[in-house]
Amino acid sequence: MTVSALVPCRVWPSDDRVRLLDVSGVDLVEPFFGDTIRRLVVEQGRQPVDESLSAWDPEGPELAGSIFHVGRCGSTLLSNMVQATSGRCVVREPPAGNDLTSALVTATAYAVDPSEGWRRLVAAFGAATGGPAVVKHSSWEALFAPDLVRAMRAPVVALVREPTEVVSSLVDQPPSWVRDLWLPPDRLAIHYPGVLEAAGSPPRTAVDWYLALWMATADALLSLDAESVLVVTYRDLIRDPVEVLAQVLTLLGVRVPHRRSIAERIEPLRSAYSKASPRDQSVPYEPMGSHARPRLRRQTVQQ
């Protein structure tokens with residue numbers, strides 16, 4: 001989907017600063033919005049500009065919906081499918097959103113409340129794309145889903161997957177935040193609430209840590225108001241994506257296309273690797289081949 005306006009790429013609520021980037025004429029095709037930012041800055045030489053966050057107040061539609069997930073569960077695939085069938089722009093894990101959620105947890109004083117910052121971020125993307133946007137959050141943000149949902153008051157899709165499959169994937173390909181394994185317990189409790197309680201004690205191995213994180217994330221998602229949440233499983237997404245998309249579009253208030261039309265629009269996405277580079281969109285998805293995960297085995301974290 002092509003956008004045409006200034007949108008936030010970073011936010012510092014404590015410093016009253018927002019960094020804006022001109023994304024005019026750009027297709028949001030990367031698996032993560034951070035990748036789009038890097039493409040525009042590095043390859044096209046577009047320069048972001050900093051403004052006062054308190055003075056920056058764009059007008060735009062409210063959020064169409066949020067996608068929360070437990071990680072390694074098909075959230076990028078679901079986001080691509082939603083964008084292909086809904087006419088809505090899906091902003092995938094925007095760094096500015098991570099900044100705002102982090103501020104909710106760590107900041108003690110800020111020029112603009114992070115919840116209000118989220119409203120402005122959503123308005124900016126909605127104005128840029130000409131309609132309400134959908135935000136796919138980073139997996140760790142699901143731990144704070146109850147606070148974020150109260151702040152943004154929009155429908156929620158909660159995507160989950162079997163814990164053994166998620167943990168196996170994380171062990172095989174550690175996430176960028178793997179360094180957080182070594183956070184002291186007091187900081188771990190702040191940045192990853194519920195993990196210590198789920199583990200019963202400070203996690204000693206990667207498997208312990210990832211499993212406790214999955215449990216805490218699932219608990220946070222299941223605590224949401226059921227009336228505004230659609231829970232989708234990875235197995236359902238893979239087995240019957242057309243029906244899942246019909247339910248998601250209904251939740252988002254979008255007219256549901258004919259089932260055959262949905263199937264035609266998502267067929268290219270089903271057979272391609274969802275996190276492939278835009279330059280290599282033809283990379284096939286091979287769950288039993290190059291994208292297969294080894295069977296879960298216990299691994300000790302080396303410090």
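Residues numbered from 1 in each chain as written. Predicted model: local features only at pLDDT ≥ 70, side-chain atom pairs only at ≥ 80, totals over all residues. Heavy atoms only, no water.

### Notes on the overall build of the protein
Under the convention used in this document: Each helix corresponds to a stretch of at least 4 residues labelled H or I by DSSP, and each strand to a stretch of at least 2 residues labelled E; elements are numbered beginning at the N terminus. Radius of gyration here is computed from C-alpha atoms only, and the compact-globule reference equals 2.2 Å multiplied by the residue count raised to the power 0.38. Partly exposed describes any residue whose relative accessible area lies between the buried limit of under 20% and the exposed limit of over 50%, with all areas from a 1.4 Å probe on protein chains only and scaled to the type maximum. Contacts are residue-level and defined by heavy atoms, with any inter-residue pair within 4.5 Å sufficient.
For the protein, the helix and strand inventory stands at 12 helices and 10 strands. The globule rule puts the C-alpha radius of gyration for 303 residues at 19 Å, and the 19 Å found for the protein is close to it. Oriented by its inertia axes, the alpha-carbon framework of the protein measures out at about 50 × 50 × 40 Å. Per-residue burial for the protein yields a buried fraction of 49% across its 303 residues. Relative to all contacts within the protein whose residues are 6 or more apart in sequence, the contacts with residues 24 or more apart total 73%.

### Focus: the pairing of strand 2 (residues 6–12)
A regular strand places its side chains on the two faces of the sheet in alternate fashion. Counted only if it meets this: Only strands that DSSP links by at least two bridges are regarded as paired with each other.
Where burial is concerned, most of strand 2 is hidden: five out of the seven residues are buried. Examined bridge by bridge, strand 2 and strand 3 (residues 17–22) share six bridges and lie antiparallel to one another. Of the residues in strand 3, the one forming a bridge with Val11 is Val18. Where strand 2 folds back onto strand 3 in an antiparallel hairpin, the turn is made up of four residues, including Asp16, whose phi is positive at roughly 55°.

### A closer look at the sheet that holds strand 7 (residues 90–92)
The condition that has to hold: Geometry is summarised by axes, namely lines fitted to C-alpha atoms with helices restricted to the contacting stretch, and by angles between N-to-C directions that run from 0 to 180 degrees.
An order of 7-8-6-9-10 is seen for the five strands of this open sheet, with the pairing classed as parallel. Two strands bound the open sheet, and with one partner strand each, they are strand 7 and strand 10 (229–233). Geometrically, the sheet is characterised by an average inter-axis angle of 20° between neighbouring strands, direction not taken into account. Alignment of strand 7 against strand 8 (residues 134–136), held across three bridges, turns out to be parallel. Each residue of the ladder has a partner; that of Val91, found in strand 8, is Val135.

### Observations concerning empty space enclosed by the protein
Empty space among the atoms can be located by rolling a probe the size of a water molecule over them. Where we set the bar: Every definition here rests on a 1 Å grid over the protein atoms only: cavities are sets of points where a 1.4 Å probe fits but cannot get out, pockets are open sets enclosed by protein on both sides within 12 Å along at least five of seven lines, and lining residues have some atom within 4 Å of a point. Grid points are joined across faces, edges and corners, and a volume is the space filled by probe spheres set on the points.
Per the counting criterion, the structure on display carries one cavity of 30 Å³ or more. Reported here for the largest cavity is a volume of approximately 40 Å³. If you trace the largest cavity, you find it lined by Leu28, Glu30, Phe32, Phe33, Thr36, Val90, Val91 and Arg92. Within the residue set of the lining of the largest cavity, elements represented by two or more residues are helix 1 (33–43) and strand 7.

### Some remarks on the environment of Ser138
Put simply, the rule is: Two N or O atoms form a polar contact when they lie within 3.5 Å of each other; inside protein one atom must be a possible hydrogen donor and the other a possible acceptor, and for residues adjacent in sequence the pair counts only when both atoms belong to side chains.
Tracing the backbone shows Ser138 in the loop between strand 8 and helix 5 (145–152). Overall, the relative accessible area of 6% leaves Ser138 in the buried class. Each C-alpha atom of the pair Ser138 and Leu21 lies 21 Å from the other, and the pair is 117 residues apart in sequence. Contact partners of Ser138, with chain neighbours within four places excluded, come to His69, Glu93 and Asn98. Separated by 3.0 Å, the side chains of Ser138 and Asn98 make a polar contact.

### Things to note about the packing of helix 2 (residues 75–86) against helix 12 (residues 259–270)
What counts, and what does not: By definition, any crossing whose near helix is turned counterclockwise from its far helix by less than a right angle is left-handed, and any crossing with a clockwise turn is right-handed. When residues are grouped by polarity, Ala, Val, Leu, Ile, Met, Phe, Trp, Tyr, Cys and Pro land in nonpolar, Asp, Glu, Lys and Arg in charged, and all others, Gly among them, in polar.
Contact geometry for helix 2 and helix 12: axes closest at 9 Å, N-to-C directions at 145°. The handedness of the crossing between helix 2 and helix 12 is right-handed. Counting all contacts with helix 2, which are made through Leu77, Asn80, Met81, Ala84 and Thr85, the residues of helix 12 involved are Ile262, Arg265, Ile266, Leu269 and Arg270. In terms of residue class, the contact of helix 2 with helix 12 is made up of six nonpolar, two polar and two charged.

### Notes on helix 9 (residues 206–222)
For clarity, the threshold we go by: Expected span, for any helix, means 1.5 Å times one less than how many residues it has.
Over its 17 residues, helix 9 runs 24 Å from end to end, which matches the ideal 24 Å to within 8%, given 1.5 Å per residue. Among the 17 residues of helix 9, 12 are classified as buried, and the element is accordingly described as predominantly covered. Ala206, Val207, Trp209, Tyr210, Ala212, Leu213, Trp214, Ala216, Thr217, Ala218, Ala220 and Leu221 are the residues of helix 9 that are buried. Those residues of helix 9 that are buried lie in contact with strand 6 (65–69), helix 5, strand 9 (156–160), helix 6 (163–172), helix 7 (185–191) and helix 8 (195–199).

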